[in-house]
Amino acid sequence: MASNTDISERQRIAARRLRVVAGHLQKCVQGEGAGVSAQACKTETPRSSPAKATSVPKRRQDIMKWNGWGYSDSRFLFNKKGQGEFTGKRYRLSGMILPSLKDWFEATFGTSLQHKTPATPTLNVSAVPPPNLVEPFVEELKVAGVAASHDPEGRVFRSHGHCLHEIFALREGRIGRVPDLVVWPNCHNDVVKIVELACKYNVCLMPYGGGTSVSSALECPLEETRSVVSLDTSQMNRILWIDEKNLTVHVEAGIIGQDLERQLNESGYCTGHEPDSMEFSSLGGWVATRASGMKKNIYGNIEDLVVHIKMVTPRGVIEKSCQGPRMSTGPDIHHFIMGSEGTLGVVTEVTMKIRPLPEYQKYGSIVFPNFQQGVSCLREVARQRCAPASIRLMDNEQFQFGHALKPQVSSIFTSFLDGLKKFYITKFKGFEPHHLCVATLLFEGDREKVLQHEKQVYDIAAKFGGLAAGEDNGQRGYMLTFVIAYLRDLGMDYYVIGESFETSVPWDRVLDLCRNVKERIVRECKERGVQFPPFSTCRVTQTYDAGACVYFYFAFNYRGLADPLHVYERVEHEAREEILANGGSLSHHHGVGKLRKEWMREAVSTVGLGMLQSVKEYVDPNNIFGNRNLL
Amino acid sequence: PWRPPSRHAAFSGSTTSPDLRHPGLKKRDELEDMLEERRRSSDARHALRCYAPAVYKGLAPREVSALRGAVLQSDALQHVIGQVSRRELVQEEAAHLLDEMAHRLRLGTVRFFAYVLSKVFKTLFRSVRVNEEGVQRLQQAIQDHPVVLLPSHRSYMDFLMMSYILYTYDLALPVIAAGMDFMSMKVVGEMLRMSGAFFIRRSFGGDKLYWAVFSEYVKTMLRTGYAPIEFFLEGTRSRTGKSLTPKTGLLNIVMEPFFKGEVFDIHLVPVSISYDRILEESLYARELLGVPKPKETTSGLLKARQILREDYGVMHVYFGHPVSVRSLAQGRVKRSQYNLVPRHIPQRPCLAAQALVGEAAFRLVRLQEQAMVLRPWTLVATLLLQNPDGMDLPVLEEQAAWLRRLALSFGAFLDWPDCKPCREVVGAGLALHKNLARVSGGRVRLAVAETPGVGQTAEELAFDRAVGVLSCASYRNQILHVFIRPALLSVALRTANSSRKDEVYTCFNFLWTVFSNEFILCPGASVQDFEEACYLLGKCCAVQESQQDIVMSEGGHATLAFLRALLDPFLQGYQVVCQYLCKETEENLRENKFVPAARNFALQLILAGTLKCYEALSSDLQKNALAALVQLEAVTKVKVGDQVTLKVNRRAASSLEDMLGTF
């Protein structure tokens, strides 16, 4: 009997693998021209890389910018002809000319390419404060064999996330409080040792994963007088085992998103968890901030994906005794860990669900006459619970933004086709170019089901005046999320500063919240002396049964402002107030960090806050994990 | 790239803004005559011209019929219908209520009105002067946010004129909340409906469904930016020329979409409409004396044609600065309180929101008052009322010139031509109001009969006189808001035991409380009002202030005496009401019997010669006095079945009378 099952099991797996491979082949064949593939938007690393490829070296500054987003070799610039260009070879957009970027940029922000605000080119090491080291602690670490360094560049690199104010300061060469030491544990036991020693010598530990925080979570608290040690998890990046029977994977928490997916893909699996930051963010970071992935409609958010978590705290290791899929054992202790933002301990290992790689993927897009119709359509899709892997609705401003990133078209025929499409939509269908908006879609699964699903969604869209607008538009929409952070650096070269922030809100308030927050931003900018109307735009990025996640981009030209950062911070603050006043949440997936702490009491009530505080007091009475996030 | 900045006259929450504290400093817009153009070019062409107003930027274009569907199918209305009882029946009733209520704005009718009203207004008025800067501000406001127009209400002409002006300046036509009484005017009612009026019942306190239909109708129009909403904060036409205590019901409704986040902001635009002569002048006086208001009928309107033969002078319309509800609510109302209940479910506004709406209502009425153009005649009428035996013309002129200076120093928006000599200005007023004041032998006096006419009883004579006095008082009342705070202080100064500020304030506060129904005194603002009064009297050198004390200055006698005399009729009138209540023997006085009985009591005193103050006969004053007595707990209202009876606490009423007597 047993062997029988085994055989049939093996056969099933083999058949599935075959299907997957066939799917890839098919994709290659038909993808020749369109080049449609989910991975295409993100970094393309050669397939042949060894299983244990470390894409994050200890010296991150060797491949990544010290004062901006992402890889050093990839950046936007305006070339001598004034054309937009994206350098490097990593992305689909890399090496391409973006002819309409300049006009859009100048018209949107009222800037001129004549007026530059270049960043300080290199880090002035002498400006970095000398490390405050606890010698016996360092000694014992050495004895324990844990890698450590107090190299100034490495410390500066780990002193910040990617909030605007953090990057802005670095570009101006301003260095604030930085960690005194960086340590690189290799495994769970190393972490146990480090935490023990930290407790022994009363050293402040700050876990550091991908460094993509946008909530000031990685800033060293100014009031911290102890030695601050940045615990870099990047070397704990192995997949420890894959359990194909239960479809789970056990991974060290320092692994970053793209490595995890690539390595799983090689075995025919994926987690399906794809936050926009997945090129750089780490599994431990996702758990610590309650991350959300683009394809959560199929795979779920991090809290749905996690089966087991191991975390090292000053009190010891916390974990569950089994991997049962659901338990009724009091409040789920995972929920003390998820969203704890590094205040309780270090997540070292995680068991996650995996899924077989989908055999087929397809992008799509729908044009709506206006944002309101688009939201109604998304609401209906959610009501019928037929959301594709991803469905996002961009407002008009963002749609135009996306268009500004269209690469140079090679043939007259393509540009003719574009013109024809535009004519059809605006003239023939009567869509107002300044009102229309577009939804981008990503379908995944087996081919037949995808096509069927696609039809269902387009049929719903038609009821709300939506017109299918092609795969290309859809794919460009997703590309935007990976390059937006690079674009911010370009803006900062020309007096433009900006940021994104997010919320979640019940369906019936989506439209009101979007309108009011965008308008509040415009008004606050005006009242604070911003000379040119800001870029204030939003998109609905996730649908849920009872509401949606809304993402805002906001940027403005700061020429003529005495203290642009202060203006920026006030406007962001007021925008958050507006979100809360309109029934939006404090955060959908960015977390609270130190940036949004002031609203925590209001968000979870005094009793709720007290509960969290008492957990902190029990787990970490001496505030070893002293990043002071959240509470 | 920014559009021209639209300025918001948002006033700060709890403290009085500098504008209100020192109204004299306020810069006011120039006024232009809008009829001038009409006198030069064709009315027909005006009525037929291309009308393409700027609309709200977020407007979702909508037909009148679609509006009806949107209201009837709205979650809010469906929720209430579901609560009331069997759905189908109620749904039908709701549709019926909506049809009874809804406007049916048609451009054709508007054009018809534009033509007819051009003719009518040109006959009635020498000119209609409008602040065009205000019109431009309004145009900007309409594009930015939903707008609520809040005109003052002195005459039926008000809303006709409002729509006419908006049409003339190519602004979006408002939908106007009108009382149901108009609907009974057959053709005219329908025509008003087609020019944007919608009709609401005067009272529907307990009717949940009616309330739901009504409030959803208004809110739907507001949220979608369908049209500016216009209604009268005072609720009804003021018969006395004074602003009435604002009603907050509709204001609550129109502010709610902001509290619930359904709109980014709402602009409230106070509009001050003032008349040289009010069309309903003597009608109002008679109404105040108990002659019932004529029912609005079409034939009645036709009979009123004789009105067209008279000269009504100049009309002034002043569009105030838009007041942003968002700025008003800033830091005062937590909008997140609405997060936990679906917004279509009716929710009682929180105390902070209620307080805010109440306060806003008073302040808006004050803004109306302050931008009301005052004509020299109002000063003349004030002086004549204080001198019932008449005045020599030169004396009157001299005093008018003095009063003009005083009014201006108190910040009055006085339209007194600088270039003309005082004699001419006073003369023009007397000429326009020859029915109220008579000049004979160089002496001016109120045009009231001295001796009974043939077959006239003493009562009828007294009634005639009262009509004259009350008509005249309606002009004096227009200027009272300028003087009221200093006047209260003047009276308090004389009565207070010492000149210590706190004692003077105690007296001031007592009077302030007693008269809080009579005049627009913002609730809870007695300290600010006291300070304002001190400031104004100090400014015109009538008093001197030190750290502790406040005393009359040497030359202040005339000013203070004048101001005290202003309040005199009200003090006397309130005393008479107290006397009446003390003497009234009936145990359970029905509320609806109160006014006639009090009037009769006052009339007897007048006939007996013990009372000279005809204003004590005014039902408005009597009602306000009663409200004050209820507030001071000298009278309690008891509801038995449908009847409301008044229980008088005689001790309290008589001590109040004594107190008033000391002033």
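This structure is a prediction, so every number in the text was calculated from the model and none was measured.

**So, the overall build of chain B**
Scanning chain B from N- to C-terminus turns up 26 helices and 17 strands. Here chain B has a C-alpha radius of gyration of 25 Å; the compact-globule value for 663 residues is 26 Å, and the two agree. Each of the three principal axes of chain B carries a C-alpha extent, and together these read 65 × 60 × 60 Å. Counting all 663 residues of chain B, 56% fall into the buried class. Taking all contacts inside chain B whose residues are at least 6 apart in sequence as the whole, residues at least 24 apart take part in 78%. Averaging the locations of the 80 positively and 69 negatively charged side chains of chain B gives two centres separated by 3 Å.

**Some remarks on the packing of aromatic side chains**
Applying the stated criterion across every chain, the model contains 44 aromatic pairs over all chains. Judged by centre distance (6.1 Å) and plane angle (40°), the rings of F121 of chain B and F125 of chain B are tilted. Each member of the pair, F121 of chain B as well as F125 of chain B, is classed as buried. Chaining the aromatic ring pairs together yields one cluster made of F78, W104, F105, F109, F401, Y494 and F535 of chain A. Over the aromatic face of F519 of chain B sits the side chain of K242 of chain B, whose NZ or CZ is 5.4 Å from the ring centroid.

**Comments concerning the side chain of S159 of chain A**
If you trace the backbone, S159 of chain A turns up in the loop between helix 4 (152-157) and helix 5 (164-171). When sequence neighbours within four positions are dropped, the list of residues in contact with S159 of chain A reads R177, V178, P179, L218 and E219 of chain A.

**Quick look at the interface of chain B and chain A**
Taken together, the contacts link 20 residues of chain B with 21 residues of chain A. Regarding the contact of chain B and chain A, the summed buried area is about 1,800 Å², with carbon and sulfur atoms giving 43% of it. The interface formed by chain B and chain A contains seven salt bridges. For the salt bridge of R343 of chain B with D512 of chain A, the shortest nitrogen-to-oxygen distance reads 2.9 Å. Across the contact surface, chain B and chain A share 13 residue pairs in polar contact (both at pLDDT 80 or more). For the side of chain B that touches chain A, the per-class residue count stands at six nonpolar, seven polar and seven charged.

**Let's talk about the UniProt feature "domain: FAD-binding PCMH-type" (unreviewed entry) in chain A**
According to UniProt, the feature "domain: FAD-binding PCMH-type" (unreviewed entry) maps to residues 175-357 of chain A in the numbering used here. Overall, residues 175-357 of chain A shows 23% helix and 26% strand. The separation of its end C-alpha atoms is 44 Å.

**A short note on the nonpolar core**
Soluble globular proteins tend to pack their nonpolar side chains together in the buried interior. Of all hydrophobic cores here, the largest spans 116 residues; its most connected members are F125 and L251 of chain B. Ranked by size, the runner-up nonpolar core spans 106 residues in total, among them A487, C507, F530 and L581 of chain B.

**Focus: the pattern of salt bridges**
All names here are of chain B. Across all of its chains, the model carries 81 salt bridges over all chains by this definition. Ionic pairing is found between D392 and R443, a salt bridge with its closest N-O pair at 3.1 Å. Here D392, found in strand 10 (residues 391-392), pairs with R443, found in strand 12 (residues 443-446); they are 51 residues apart in sequence, far enough to count as distant. Take D392: its relative accessible area is 36%, and that puts it in the partly exposed class. R443 sits in the partly exposed class, given a relative accessible area of 32%.

**Digging into the pairing of strand 20 (residues 535-543) of chain A**
Put simply, side chains in a regular strand alternate between the two faces of the sheet. Residues and elements named next belong to chain A. For strand 20, the tally of buried residues reaches nine of nine residues, placing the bulk of the element in the interior. Bridge count for strand 16 (residues 390-394) against strand 20 is two bridges, and the pairing is antiparallel. Bridge pairing in strand 20 links M394 to R539. Counting the residues in the hairpin turn of strand 20 and strand 21 (residues 547-557) gives three residues.

**Details of unusual backbone geometry**
Residues and elements named next belong to chain A. The phi dihedral of N202 falls on the positive side, at around 50°, and the residue is not glycine. Checked against the element boundaries, N202 lands in the loop between helix 6 (188-201) and strand 6 (204-208). N202 sits in the partly exposed class, given a relative accessible area of 38%. Here the phi dihedral of R290 falls at roughly 55°; this positive angle occurs in a residue that is not glycine. Mapped onto the secondary structure, R290 falls in the loop between helix 8 (283-289) and helix 9 (296-299).

**Thoughts on the confidence of the model for chain B**
Residues and elements named next belong to chain B. Across chain B, the average pLDDT comes to 88, with 93% of residues at 70 or higher. Mean pLDDT across the elements of chain B bottoms out in helix 1 (residues 18-21) (41) and peaks in strand 3 (residues 147-151) (97). Throughout residues 1-25 the model reports pLDDT below 50, and contacts reaching past four residues in sequence, or to other chains, amount to 56 contacts. For this predicted complex, the interface confidence reaches an ipTM of 0.86, while the overall pTM sits at 0.89.

**Details of the sheet that holds strand 17 (residues 643-648) of chain B**
Residues and elements named next belong to chain B. Judged by pairing direction, the sheet is antiparallel, and its three strands sit side by side in the order 15-17-16 without closing on themselves. Each having just a single partner strand, strand 15 (589-590) and strand 16 (635-640) make up the two edges of the open sheet. For strand 15 and strand 17, the ladder comprises two bridges, and the chain directions are antiparallel. Each residue of the ladder has a partner; that of R590, found in strand 17, is T645.

**Structural notes on helix 12 (residues 371-383) of chain A**
Residues and elements named next belong to chain A. Taking 1.5 Å as the rise per residue, helix 12 with 13 residues should run 18 Å; its terminal C-alpha atoms sit 18 Å apart, in good agreement. For helix 12, every residue scored as buried is listed here: F371, G374, V375, C377, L378, E380, V381 and A382. Along its buried surface, helix 12 packs onto strand 15 (360-368), strand 16, strand 17 (437-445), helix 15 (447-463), helix 17 (510-527) and strand 20. Taking the backbone nitrogen of Q372 as reference, a side-chain oxygen 3.2 Å away marks N370 as the first, capping residue of helix 12. Backbone geometry just after helix 12 places R385 at a positive phi near 50°.

**Topic: the packing of helix 17 (residues 376-386) of chain B against helix 19 (residues 422-432) of chain B**
Residues and elements named next belong to chain B. Relative orientation of the contacting elements helix 17 and helix 19 amounts to 80°, with a least axis distance of 9 Å. As far as their axial angle goes, helix 19 and helix 17 are roughly perpendicular. For the pair helix 17 and helix 19, contact is made by P376, W377 and V380 and by V425, V426, G429 and L430, respectively. In terms of residue class, the contact of helix 17 with helix 19 is made up of six nonpolar, one polar and no charged.

Reading the values: rules and limits
- Residues numbered from 1 in each chain as written.
- Chains lettered and ligands numbered in written order.
- Predicted model: local features only at pLDDT ≥ 70, side-chain atom pairs only at ≥ 80, totals over all residues.
- Heavy atoms only, no water.
- Helix = DSSP H or I, 4+ residues; strand = E, 2+ residues; numbered from the N terminus.
- Rg over C-alpha atoms; globule rule 2.2 N^0.38 Å.
- Buried < 20%, exposed > 50% of the residue type's maximum accessible area, 1.4 Å probe, protein only.
- Contact = heavy atoms within 4.5 Å.
- Lys, Arg positive; Asp, Glu negative; His and termini not counted.
- Charge placed at Lys NZ, Arg CZ, Asp CG, Glu CD.
- Phe/Tyr/Trp six-rings, centres within 6.5 Å; stacked < 30°, edge-to-face > 60°.
- Lys NZ or Arg CZ within 6 Å of the ring centre and 35° of its normal.
- Buried area = accessible area lost by both parts, 1.4 Å probe.
- Salt bridge = Lys/Arg side-chain N within 4 Å of Asp/Glu carboxyl O.
- Polar contact = N/O pair within 3.5 Å; in protein donor to acceptor, adjacent residues only side chain to side chain.
- Nonpolar A, V, L, I, M, F, W, Y, C, P; charged D, E, K, R; others polar.
- UniProt positions renumbered as here; feature names shortened; annotations may be inferred.
- Core = buried A, V, L, I, M, F, W, Y, C linked by side-chain atoms within 4.5 Å.
- Pairing = 2+ DSSP bridges.
- pLDDT = per-residue confidence, 0-100.
- Expected span 1.5 Å × (residues − 1).
- Axes fitted to C-alpha atoms, helices over the stretch in contact; angles between N-to-C directions.
- Parallel < 35°, antiparallel > 145°, perpendicular 65-115°, else oblique.

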